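Structure at a glance
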Amino acid sequence: MNTDNQLLQQIENVSSRLTQMHECVQDLPAHKVEVITEVLEQVNVSLEELRVAREELSHQNEQLSVTREQLERERQRYKELFEFAPDAYLVTDENGTIREANYTAAALLNVSQRFLVGKPLSIFVPEEERRDFRLRINQLRIGELERLREWELRMQPRKGESFEAAITVSAVWNPEGFNLRWMLRDITRRKKVEAQLGQMHLENLRLQEITQIKSQFLSAISHELRTPMNAILGFSQLLLRHPHLSLEPKQVQMVERIHDNGHNLLGLINDILDLSKVDAGRMELPLEEVDLVDLVHKTTDELQSLVIEKHLFLQVHTDLQNPITINNRSRLRQILVNLLANAIKFTETGGVRIEVSEVEGDLDRLVIEVKDTGIGIPKEDIERIFEAFEQVDRSAKRNYQSTGLGLAISKSLVDLMQGTITVTSQVGEGSTFRVELPRRLRVHK
Ligand code: ADP
């Protein structure tokens, strides 16, 4: 029986004794009855008060036990948090002797929780780092330091490899005295990733430097080559245009070859120069209003002779609500020429169709599609054709008079124009190159 019930029982006992006494008092002389009845009444009142007090006490007791239960649940919750935290937590005394350790700490140091308690934490620090370790503990003990954050230290578990740890320690004073609270985290992987990132950053810088040097070199050499090339072209043209020089037919053929090859070489030099400009971030894109429909018609007109020569068709289909775009006319033309010339070059039967439109539902984006019925591009080559000097079939170079730079330049230009270039193709059936561009280019810095 608990004390509360005992108290209740005693109150009831006294109460029934009082009733009995009341009955006995009736037999006494009248003046005595009055006094005793008065006393008994008062005792009765006191008893009633005692009952009320008991009830109050019992209520408080109930509340106390509810609070105690809550406290116990909280304590359990914190214990679990501590126990199963993903980081290693330890509590040591001022000398660094372990008083408590959670599950992760035990796993990290490779010693069961039971055996960790009582061991100095310093035994898990390699010899060469122990001096520093003790020094820091001392600083915390004498109050020089209150807290150490992300202190990086090598740690040595009982067996197995040592690891890099990031440690946070706080000095805490509580009624039981002074202790240190430790949080340990294995940062070996983080360190490795940091080192790799550092290495990658360095390599990136080196690569940027190399790219810069390469573009400067290409740009310088192309400039140097352009001057003599222009002279070769100019003089060979002069030779061909002056009938009074009366060249032999064989000589005319030779001069024509000099001129054609010179022309191709100049094209290559210009392409290299363009690519190196983009690489070095020196490609300028002065913006102007361009009528895209007009540009497409003029460009296809220029290529008409090639189409006729190969007995192909060249169709233009424009479906624009507004043909005006803010871009750079000559660079847009360069992209169109590259795509159309390729389409004509790699098509033997059928022909080429160019379609210009706005993206459905977005008048601010323009689409140019160049479709051909040519040889197509194998799936595995689609990615690399946009890289400089890449051709699907290198032996085709001779047949098709190509350098492998056109698409690389086109892609660089489209990127610069904040657009996209993609291709879909089926070998033997043809290819479709799709360029999507914003209607208004932002001012280029
Ligand atoms: P080039 O045409 O001077 O070789 P490009 O960079 O313009 O260089 O093209 C790279 C390669 O992509 C070409 O050599 C060719 O193999 C392939 N290619 C480009 N356009 C087409 C096309 N319309 N049809 C088939 N293959 C193409």
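Scroll up a little and you will see the structure.
Per chain, the residues get numbers from 1 upward, laid out in the order the sequence is written. A pLDDT threshold of at least 70 governs which residues receive local features in this predicted model, and a stricter bar of 80 or more applies before side-chain atom pairs are shown or counted, although totals over entire chains, interfaces and linings include all residues. Excluding hydrogens and water, the side-chain values take into account all heavy atoms of the structure.

1. A look at helix α7 (residues 249–279)
Note the cut-off: Helical segments are the DSSP runs of H or I of at least four residues, strand segments are the runs of E of at least two, and each set is numbered from the N terminus. Expected span, for any helix, means 1.5 Å times one less than how many residues it has. When a residue's accessible area, from a 1.4 Å probe over protein chains only, is under 20% of the maximum for its type it is buried; when over 50% it is exposed; and in between it is partly exposed. A contact between two residues is defined here by any heavy atoms of the two lying within 4.5 Å.
Look at α7: 45 Å from first C-alpha to last across 31 residues, which is about the 45 Å you get at 1.5 Å a residue. For α7, the full list of buried residues reads Val255, His259, Gly262, Leu266, Ile269, Asp271, Ile272, Leu273, Asp274, Leu275, Ser276 and Val278. Against the buried residues of α7 lie α6 (188–241), α9 (329–345) and α11 (406–416). Residue Gly281 follows α7 closely and has a positive phi angle near 70 degrees.

2. Describing the packing of helix α8 (residues 292–309) against α9
Stated formally: To obtain an axis, a line is fitted to C-alpha atoms, over the contacting stretch when the element is a helix, and the angle between two such axes runs from 0 to 180 degrees between their N-to-C directions. Our angle categories are set so that under 35 degrees counts as roughly parallel, over 145 as roughly antiparallel, 65 to 115 as roughly perpendicular, and the remainder as oblique. Note on convention: near helix rotated counterclockwise from far helix by under a right angle means a left-handed crossing. Clockwise means right-handed. In this classification, the charged set is Asp, Glu, Lys and Arg, the nonpolar set is Ala, Val, Leu, Ile, Met, Phe, Trp, Tyr, Cys and Pro, and all remaining amino acids, among them Gly, are polar.
The N-to-C vectors of α8 and α9 enclose an angle of 40 degrees; their axes lie 10 Å apart at closest approach. By the angle between their axes, α8 is oblique relative to α9. Like other packed secondary-structure pairs, α8 and α9 cross with a definite hand, here right-handed. Together, Leu292, Asp294, Leu295, Val296, Lys298, Thr299, Thr300, Glu302, Leu303, Leu306 and Val307 of α8 and Arg329, Leu332, Arg333, Leu336, Val337, Leu340, Ala341 and Ile344 of α9 make up the contact between the two elements. Partitioned by chemical class, the residues of the contact of α8 with α9 number 12 nonpolar, 2 polar and 5 charged.

3. Structural notes on the sheet that holds strand β11 (residues 420–426)
Put simply, the rule is: In this analysis, strands are considered paired if DSSP registers two or more bridges between them.
Pairing is mixed across the open sheet formed by 5 strands, whose spatial order is β7-β9-β10-β12-β11. Two strands bound the open sheet, and with one partner strand each, they are β7 (313–319) and β11. Along the sheet, successive strands turn relative to each other by an average axial angle of 15 degrees, direction set aside. Alignment of β11 against strand β12 (residues 430–438), held across 7 bridges, turns out to be antiparallel. Residue Thr424 lies in a different strand from β12, and its bridge partner there is Thr432.

4. Side note on the nonpolar core
Which entries qualify depends on this criterion: Put simply, buried Ala, Val, Leu, Ile, Met, Phe, Trp, Tyr and Cys residues joined by side-chain atoms within 4.5 Å make one nonpolar core.
Within the largest apolar cluster, 45 residues are counted, with the highest numbers of intra-cluster contacts made by Leu292, Leu339, Ile354, Ile368 and Phe433. Those elements giving two or more residues to this core turn out to be α7, α8, α9, β9 (351–359), β10 (362–372), α11, β11 and β12. Of the residues forming this core, the biggest block, 7 residues, is contributed by α9. Once residues lying within four places of it in the same chain are set aside, the contact partners of Leu339 are Val370, Leu407, Ile421, Phe433 and Val435.

5. Some remarks on the packing of aromatic side chains
Selection rule: Centres within 6.5 Å are what make two rings of Phe, Tyr or Trp a pair, Trp counting through its six-membered ring; a difference in plane orientation under 30 degrees is then read as stacked, over 60 as edge-to-face, and the rest as tilted.
This structure, assessed with the given rule, holds 6 aromatic pairs. Note on Phe84 and Tyr103: the rings are 6.4 Å apart at their centroids and 45 degrees apart in plane angle, and the pair reads as tilted. You can see Phe84 sitting in the loop between α2 (30–83) and β1 (88–92) and its partner Tyr103 sitting in helix α3 (residues 103–109), a full 19 residues away along the chain. Taken together, a centroid distance of 5.9 Å and an interplanar angle of 20 degrees make the contact between Phe133 and Trp151 stacked.

6. Some words on unusual backbone geometry
Here Asn110, not a glycine, exhibits a phi torsion of approximately 60 degrees, which is positive. Note on placement: Asn110 falls in the loop between α3 and α4 (113–116). By relative accessible area, Asn110 is classed as partly exposed at 33%. The phi torsion at His311 lies on the positive side, around 55 degrees, for a residue other than glycine. Looking at the secondary structure, you find His311 in the loop between α8 and β7.

7. Examining the sheet that holds strand β5 (residues 177–186)
Taken in spatial order, the 5 strands of this open sheet run β2-β1-β5-β4-β3, and their pairing is antiparallel. In the strand order of this sheet, the two ends are held by β2 (98–101) and β3 (147–155), each with one partner. For this sheet, the mean inter-axis angle between neighbouring strands, taken without regard to orientation, is 25 degrees. As judged from the 3 bridges shared by β1 and β2, these two strands associate in the antiparallel manner. Residue Val91 lies in a different strand from β2, and its bridge partner there is Glu100.

In short, shape yes, function no, at least from these values alone.
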